[in-house]
2 protein chains.
Amino acid sequence: MLIISAGATTAEEPAAGLRSIGAKTLVPPCPVWVIGSYDASGKPNVMTASWAAICCSKPPMVTVSLRQATYTYGNIMASKAFTVNIPSAGFAEEAAYFGSVSGKDVDKFTVSGLTPVKSDLVNAPYVKEFPLVIECKLVKTVELGLHTMFIGEIVDVKAADSILTEGGAPDITKLQPFIFAPGSPDFYRIGSSIGSMQDLGKKPRK
Amino acid sequence: MLIISAGATTAEEPAAGLRSIGAKTLVPPCPVWVIGSYDASGKPNVMTASWAAICCSKPPMVTVSLRQATYTYGNIMASKAFTVNIPSAGFAEEAAYFGSVSGKDVDKFTVSGLTPVKSDLVNAPYVKEFPLVIECKLVKTVELGLHTMFIGEIVDVKAADSILTEGGAPDITKLQPFIFAPGSPDFYRIGSSIGSMQDLGKKPRK
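Right, let's walk through the structure included here. (Residues numbered from 1 in each chain as written. Chains lettered and ligands numbered in written order. Predicted model: local features only at pLDDT ≥ 70, side-chain atom pairs only at ≥ 80, totals over all residues. Heavy atoms only, no water.)

Examining the interface of chain A and chain B
Reasoning step 1: Facing 119 residues of chain A, the contacting portion of chain B comprises 119 residues.
Reasoning step 2: Summing both sides of the interface, chain A and chain B together bury roughly 10,100 Å²; the carbon and sulfur share of this comes to 66%.
Reasoning step 3: The salt bridge involving A:Asp161 is made with B:Arg19; its shortest N-O contact spans 2.6 Å.
Reasoning step 4: Where chain A touches chain B, the interface holds 34 residue pairs in polar contact (both at pLDDT 80 or more).
Reasoning step 5: With 11 residues, the top contributor of residues to the side of chain A that touches chain B is strand β13 (residues 186-196) of chain A. (Contact = heavy atoms within 4.5 Å. Buried area = accessible area lost by both parts, 1.4 Å probe. Salt bridge = Lys/Arg side-chain N within 4 Å of Asp/Glu carboxyl O. Polar contact = N/O pair within 3.5 Å; in protein donor to acceptor, adjacent residues only side chain to side chain. Helix = DSSP H or I, 4+ residues; strand = E, 2+ residues; numbered from the N terminus.)

Spelled out as structure tokens, the structure:
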């Protein structure tokens, strides 16, 4: 039955037992992506970002939002390129570290022992040890406020054989990426399958 | 040790055992968000989207990319507002269904038995039964190709008491959202904690 309680609720008394918790970015789950870029001297840098997503299928594009204060912001503005490196859960320490210090102050590759590899397609480094890497050329920036959106066209995706299905797509159970949940201090693993969207969407409706 | 193998790799022979799998949107994990909007007649509609993310902290903003062919595209263009409704795993069937049919053809609320509630803050409906709801006013659209990015400012977040921590933030283990993994037909649950970012980032480096 369709019921629209038009205007019947107020901020003080939301319907359905929902409570206002304020205009905040409390919208889980968020991905944990490691963004690779070069500075003007050619030093490779990585930073961890979670305000990020796929944003277009054709051409294939991703968006990553960064604060102007980050080292990566200036790097990408100048180089017009970046990589997205997806860490497996085994690289959670590195991902957390990459998000805790600035490339202005330290060489994060040297400290972590991970290896930068220059992309053959764009002017950005990727992380050799990570199982899934996306190479992007910057196509647009959008100033929003504290964050600026960097929109990159995907020019290639590279994957370790060990995380691919027979069909050649990433198998998330092998990739084992993890997520960030705004409001929580922790990283969380991906869990079990709920079932296929096709089957789930066919179930009898109420 | 820092090693930059500048230009040493080719598309045919990527370093580190990484294999090119093409310029595709194979970038997991993606959120599963249900987008609420009204059409010109006031009929509430919901569609499921995964090309979506938080995109700015101040002001708080989210972005959702939609194809022009969707019913929701026209709705938001006209109403300048939308909601983001986060389903728990118990609503995976509804989320899959909302992504499988168009609001042009069916009334998804009536078919699913879920209840639209008119937001008191923006001109869009939210899903009464879902545990976390974000109300947004449209602030910008960005045409990218097959998809158009809708950027919305978060004007409020509403949550069920049952999913909140004592501190008033969503507890992801209670919320139980789920994710979409491009390349896989399945929805996946969120799994266990890996640990806090602060602790993970402090571990001794190699």
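Topic: the environment of A:Ala81
All names here are of chain A.
Reasoning step 1: In this fold, Ala81 is placed in strand β7 (residues 81-86).
Reasoning step 2: Relative accessible area serves as the criterion here: at 2%, Ala81 is assigned to the buried category.
Reasoning step 3: As for Ala81 and Leu200, which are separated by 119 residues in sequence, their C-alpha atoms are 39 Å apart.
Reasoning step 4: Beyond its immediate chain neighbours, meaning those up to four positions away, Ala81 contacts Ile76, Val122, Asn123, Ala124, Cys136, Lys137 and Leu138. (Buried < 20%, exposed > 50% of the residue type's maximum accessible area, 1.4 Å probe, protein only.)

Focus: the packing of aromatic side chains
Residue and element names in this part refer to chain B.
Reasoning step 1: By the definition in use, this model includes 10 aromatic pairs over all chains.
Reasoning step 2: Between Trp51 and Phe180, the ring centres sit 6.2 Å apart and the planes meet at 40 degrees, which makes this aromatic pair tilted. One end of the pair, Trp51, is in the loop between β4 (44-49) and β5 (52-56); the other, Phe180, is in strand β12 (residues 178-180), with 129 residues separating them in the sequence.
Reasoning step 3: Exposure remark for Trp51: the relative accessible area of 11% places this residue in the buried category.
Reasoning step 4: Assessed through its relative accessible area of 15%, Phe180 is described here as buried. (Phe/Tyr/Trp six-rings, centres within 6.5 Å; stacked < 30°, edge-to-face > 60°.)

Brief notes about unusual backbone geometry
Reasoning step 1: Cis geometry is found at the peptide bond from A:Pro28 to A:Pro29, where omega equals -5 degrees.
Reasoning step 2: Note that A:Pro29 resides in the loop between β1 (18-20) and β2 (30-31).

Overview of helix α1 (residues 71-79) of chain B
Residues and elements named next belong to chain B.
Reasoning step 1: Burial in α1 covers these residues: Thr72, Tyr73, Asn75, Ile76 and Ser79. Viewed along the axis of α1, the buried residues span an arc of 170 degrees, placing them on a single side of the element.
Reasoning step 2: Looking one or two residues beyond α1, the residue adopting positive phi is Lys80, at roughly 60 degrees. (Arc of directions from axis to C-beta.)

As for the pairing of β4(B)
All names here are of chain B.
Reasoning step 1: Buried residues dominate β4, accounting for six of its six residues.
Reasoning step 2: Alternating residues of β4 divide into Pro44, Val46 and Thr48 and Asn45, Met47 and Ala49, and every residue in both groups is buried.
Reasoning step 3: The pairing of strand β3 (residues 33-38) with β4 spans six bridges and is antiparallel. Paired with Ile35 across the bridge in β4 is Met47. (Pairing = 2+ DSSP bridges.)

A closer look at the relation of the copies chain A and chain B
Reasoning step 1: Laying chain A over chain B is done by rotating through 180 degrees and shifting 0.0 Å along the axis; what remains is an RMSD of 0.0 Å. These values place the two chain copies in the arrangement generated by a two-fold rotation axis. Closest to the rotation axis within chain A is the C-alpha of A:Gly191, separated from it by 2.0 Å.
Reasoning step 2: A high fraction, 100%, of the interface residues of chain A reappear at the interface in chain B, so the copies pair face to face through one surface. (Least-squares fit on C-alpha atoms with pLDDT ≥ 70 in both.)

Things to note about the side chain of A:Thr83
Residues and elements named next belong to chain A.
Reasoning step 1: As for its placement among the helices and strands, Thr83 is situated in strand β7.
Reasoning step 2: Judged by its relative accessible area of 0%, Thr83 falls in the buried class.
Reasoning step 3: Within the local environment of Thr83, its side chain forms a polar contact with the side chain of Asn85, the two groups lying 2.9 Å apart.
Reasoning step 4: A polar contact of 2.7 Å, which involves the side chain of Thr83, links it to the backbone oxygen of Pro125.
Reasoning step 5: Not counting residues within four places of it along the chain, the set of residues in contact with Thr83 comprises Val34, Ile35, Gly36, Ala124, Pro125, Tyr126, Ile134 and Glu135.

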